[in-house]
Structures are given as structure tokens and as C-alpha cells.
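Analysis of the macromolecular model
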Amino acid sequence: RPGKSLVFKKGAARIALNAGSDVIPIYFGGNSKTGLGKNDKFLSFNPSERYHYNLEVLEPISTEKYRGQNISKAASLLTEEMRQAFVAAQERDPG
């Protein structure tokens, strides 16, 4: 939500670390309207208002530098790196 700080859990980082795969973050933003709820159809819209979305595939985040570290600590560090990538994308987002 606009103006709210981003909160991330470590699940995606743990999956990437266990798989030995890089993370490819995808930022989905551009709209300050909060019309899409949990049970709404994806990209459903109010026909009387215009919705604009920005989709940005961000630079991959390598998990190589976290190999050999304690999984919990590595997941925390990777999660923070992912959060920073999304914060930077959010700041660039004109919407």
C-alpha cells in the first residue's frame, strides 16, 4: 500500500537458498487505488475509474554469496536485500 513500509517474510529467501537459485524480483505497482481485494479477480477493475499498473522485472539477486552460511542468517540477509530492491523500485514508481 502506498505510504506503508514493506514487510517481508523469509520464506521466498529460504526456498531460493535451499534450491541454490537466484531470486528474480518482480515489482507490481503503479496504482494508489486499493480496489483489488483478496477475493477479487486478478486485474478486475471499476469501469468508472482508470487503473494503471507498472510491472518491472528487477535485477536478479544472486544467492551465491550466502552459501555456507547458517540458513536462518542467510535467509534474513537475502530477505533484506530483496526488500531493498523493492523499496528502490517503489521509489522509482511514478504511480
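Not measured: the values here are computed from a predicted model.

1. Overview of the nonpolar core
Among the nonpolar cores identified, the biggest contains 10 residues, and these are Ala 13, Ala 16, Leu 17, Val 23, Ile 61, Tyr 66, Ala 74, Ala 75, Leu 78 and Met 82. Those elements giving two or more residues to this core turn out to be α1 (11-19) and α2 (71-92). In terms of residues, this core owes the most to one element, α2, which gives 4 residues. Not counting residues within four places of it along the chain, the set of residues in contact with Val 23 comprises Ala 16, Glu 59, Pro 60, Ile 61, Leu 78 and Met 82.

2. Some words on the pattern of salt bridges
Applying the stated criterion across every chain yields a total of 4 salt bridges. The residue Glu 64 makes a salt bridge to Arg 67 at a minimum N-O spacing of 2.8 Å. A relative accessible area of 47% means that Glu 64 is categorised as partly exposed.

3. Things to note about α1
All of the buried residues along α1 are Ala 13, Ala 16 and Leu 17. Viewed end-on, α1 has its buried residues packed into an arc of 95°, placing them on one side of the element. The exposed residues of α1 that point more than 90 degrees off its buried face are Ile 15, Asn 18 and Ala 19. Where α1 is buried, its residues meet α2. Looking one or two residues past α1, Gly 20 carries a phi angle of roughly 70°, positive in sign.

Calculation criteria
Residues numbered from 1 in each chain as written. Predicted model: local features only at pLDDT ≥ 70, side-chain atom pairs only at ≥ 80, totals over all residues. Heavy atoms only, no water. Core = buried A, V, L, I, M, F, W, Y, C linked by side-chain atoms within 4.5 Å. Buried < 20%, exposed > 50% of the residue type's maximum accessible area, 1.4 Å probe, protein only. Helix = DSSP H or I, 4+ residues; strand = E, 2+ residues; numbered from the N terminus. Contact = heavy atoms within 4.5 Å. Salt bridge = Lys/Arg side-chain N within 4 Å of Asp/Glu carboxyl O. Arc of directions from axis to C-beta.

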